[in-house]
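Breakdown of the fold
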Amino acid sequence: MATLGNFRKVYIVDASTYTWLAGEQSNSVNLTSNTIEVSDKDTVWQKFIAGTRGGSVTVDVHLDNTASQPQHKMLQALVAGTTVKVFVGTPGSGNTPSEGMACDAIVASVSDTNNNGEVASRSISLNLTGDPTFYPAAA
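Thresholds applied
Residues numbered from 1 in each chain as written. Predicted model: local features only at pLDDT ≥ 70, side-chain atom pairs only at ≥ 80, totals over all residues. Heavy atoms only, no water. Salt bridge = Lys/Arg side-chain N within 4 Å of Asp/Glu carboxyl O. Helix = DSSP H or I, 4+ residues; strand = E, 2+ residues; numbered from the N terminus. Buried < 20%, exposed > 50% of the residue type's maximum accessible area, 1.4 Å probe, protein only. Lys, Arg positive; Asp, Glu negative; His and termini not counted. Polar contact = N/O pair within 3.5 Å; in protein donor to acceptor, adjacent residues only side chain to side chain. Contact = heavy atoms within 4.5 Å. Pairing = 2+ DSSP bridges.

On to the pattern of salt bridges, then. Using the criterion set out here, one finds three salt bridges in the structure. Between Asp104 and Lys85 there is a salt bridge; the shortest N-O distance is 3.0 Å. With a gap of 19 residues between them, Asp104 in strand 6 (residues 97-113) and Lys85 in strand 5 (residues 83-91) connect regions that are remote in the sequence. Notably, a salt bridge pairs Asp112 with Arg122, separated by 2.8 Å at the nearest N-O pair. In this pair, Asp112 sits in strand 6 while Arg122 sits in strand 7 (residues 121-128), placing the two residues ten residues apart along the sequence. Assessed through its relative accessible area of 41%, Asp112 is described here as partly exposed.

Right, here's the structure in full:
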């Protein structure tokens with residue numbers, strides 16, 4: 001069933017607290033699998049097997065440099081080279097994941113855009129590190 005994109009948000013997870021990146025405008029999740037060619041001379045068609053997998057998350061938000069906000073935690077993680085726990089989706093009752101993906105991620109980049117006459121915005125790119133957890137489970 002189709003889901004309105006407004007309901008799938010990016011959250012920073014600290015213990016069991018999910019804090020939304022306030023001012024979020026959009027997000028995208030990209031999961032990838034490196035493919036390894038295993039073709040032989042038996043056919044002119046290539047054959048592949050799945051290699052290592054990875055992913056990235058990009059989120060665009062209105063800029064907020066308040067020290068207590070999740071955006072500031074992202075900046076701190078980038079500077080320190082540490083990981084952040086992220087959930088992309090819809091939390092359920094009791095502040096638990098309902099539908100979406102949770103993962104550890106490294107902040108790969110933070111880009112600020114400051115156009116004349118527009119709201120300052122920030123684009124944050126994250127690279128997954130390790131396996132994501134899907135809700136509901138993805139088999």
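The next thing to look at is the side chain of Glu24. You can see Glu24 is positioned in strand 3 (residues 24-37). The buried charged residue Glu24 lacks any salt bridge, with Lys9 as its nearest oppositely charged partner at 7.0 Å. One polar contact links Glu24 to Trp20, side chain to side chain, over a distance of 3.0 Å. Within the local environment of Glu24, its side chain forms a polar contact with the side chain of Asn27, the two groups lying 2.7 Å apart. Filtering out sequence-adjacent residues up to four positions away, Glu24 remains in contact with Arg8, Lys9, Val10, Val59, Asp60 and Val61.

What follows covers the pairing of strand 6. Pairing of strand 5 with strand 6, which is carried by nine bridges, proceeds in the antiparallel orientation. Looking at strand 6, one finds that Phe87 is bridged to Ala102. Two strands pair when backbone bridges link them, and strand 6 and strand 8 (residues 133-135) are joined in this way by three bridges, in the antiparallel orientation. Paired with Ala102 across the bridge in strand 8 is Thr133. Bridge count for strand 6 against strand 7 is eight bridges, and the pairing is antiparallel. Bridging from a neighbouring strand, Thr113 pairs with Ser121 of strand 7.

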